[in-house]
Amino acid sequence: MASPLPTAKQSVDLTAAPVRVSRIRRDPPPPERKLSPRDRDGRDHRFGVIGILVVALALFVITLGLSNAAGWSPRQYVIRL
């Protein structure tokens, strides 16, 4: 087996030195915004309805594209009342 290459850096003994505390002063984190359950429920309902409408629109567009590629068109049918 090959031996490891020697490095110019000396190894550091982390157990010998005491843990130093950071001297950087930081602002405390801002307080979290409190959301009422009613606000979260309204947002969840809105996103749910939007998601359902987007999926329905995507399926509609895919269906129209496939029917157009197959050569079918609603103009082929005549409805007489």
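For the structure, see preceding data.
Regarding its fold elements, the chain presents one helix and zero strands. For 81 residues, the compact-globule estimate of 2.2 N^0.38 gives 12 Å, and the C-alpha radius of gyration of the chain, at 33 Å, exceeds that figure by more than 25%. Its C-alpha atoms give the chain principal-axis dimensions of about 95 × 55 × 20 Å. Split into buried and exposed, the 81 residues of the chain put 1% on the buried side. Averaged over its 13 positive side-chain charges, the chain has a centre that lies 8 Å from the centre of its 6 negative ones.

Along its 33 residues, helix α1 (residues 37-69) runs 48 Å from first to last C-alpha, staying within 8% of the 48 Å computed at 1.5 Å per residue. Where α1 terminates, the next one or two residues include Gly71, which has phi positive at roughly 90°.

On the surface, a cluster of nonpolar side chains totalling about 410 Å² of accessible area is made up of Val55, Leu59, Ile62 and Leu66. Taking the relative accessible area as the measure of exposure, Ile62 reaches 49% and is therefore partly exposed.

The next subject is a positive patch on the surface. Side chains of Arg33, Arg40, Arg43 and Arg46 sit close together on the surface and give a patch of like positive charge. Structurally, the position occupied by Arg43 is in helix α1.

Time to look at the environment of Glu32. Examined against the element boundaries, Glu32 turns out to sit in the segment before α1. Sequence spacing of Glu32 and Ala2 is 30 residues, and the spatial spacing of their C-alpha atoms is 55 Å.

Rules behind the numbers
- Residues numbered from 1 in each chain as written.
- Predicted model: local features only at pLDDT ≥ 70, side-chain atom pairs only at ≥ 80, totals over all residues.
- Heavy atoms only, no water.
- Helix = DSSP H or I, 4+ residues; strand = E, 2+ residues; numbered from the N terminus.
- Rg over C-alpha atoms; globule rule 2.2 N^0.38 Å.
- Buried < 20%, exposed > 50% of the residue type's maximum accessible area, 1.4 Å probe, protein only.
- Lys, Arg positive; Asp, Glu negative; His and termini not counted.
- Charge placed at Lys NZ, Arg CZ, Asp CG, Glu CD.
- Expected span 1.5 Å × (residues − 1).
- Patch = residues over 30% accessible without salt bridge, like charges linked within 9 Å, V, L, I, M, F, W, Y side chains within 5 Å.
- Areas by Shrake-Rupley, 256 points an atom, 1.4 Å probe, with all protein chains shown as cover.
- Salt bridge = Lys/Arg side-chain N within 4 Å of Asp/Glu carboxyl O.

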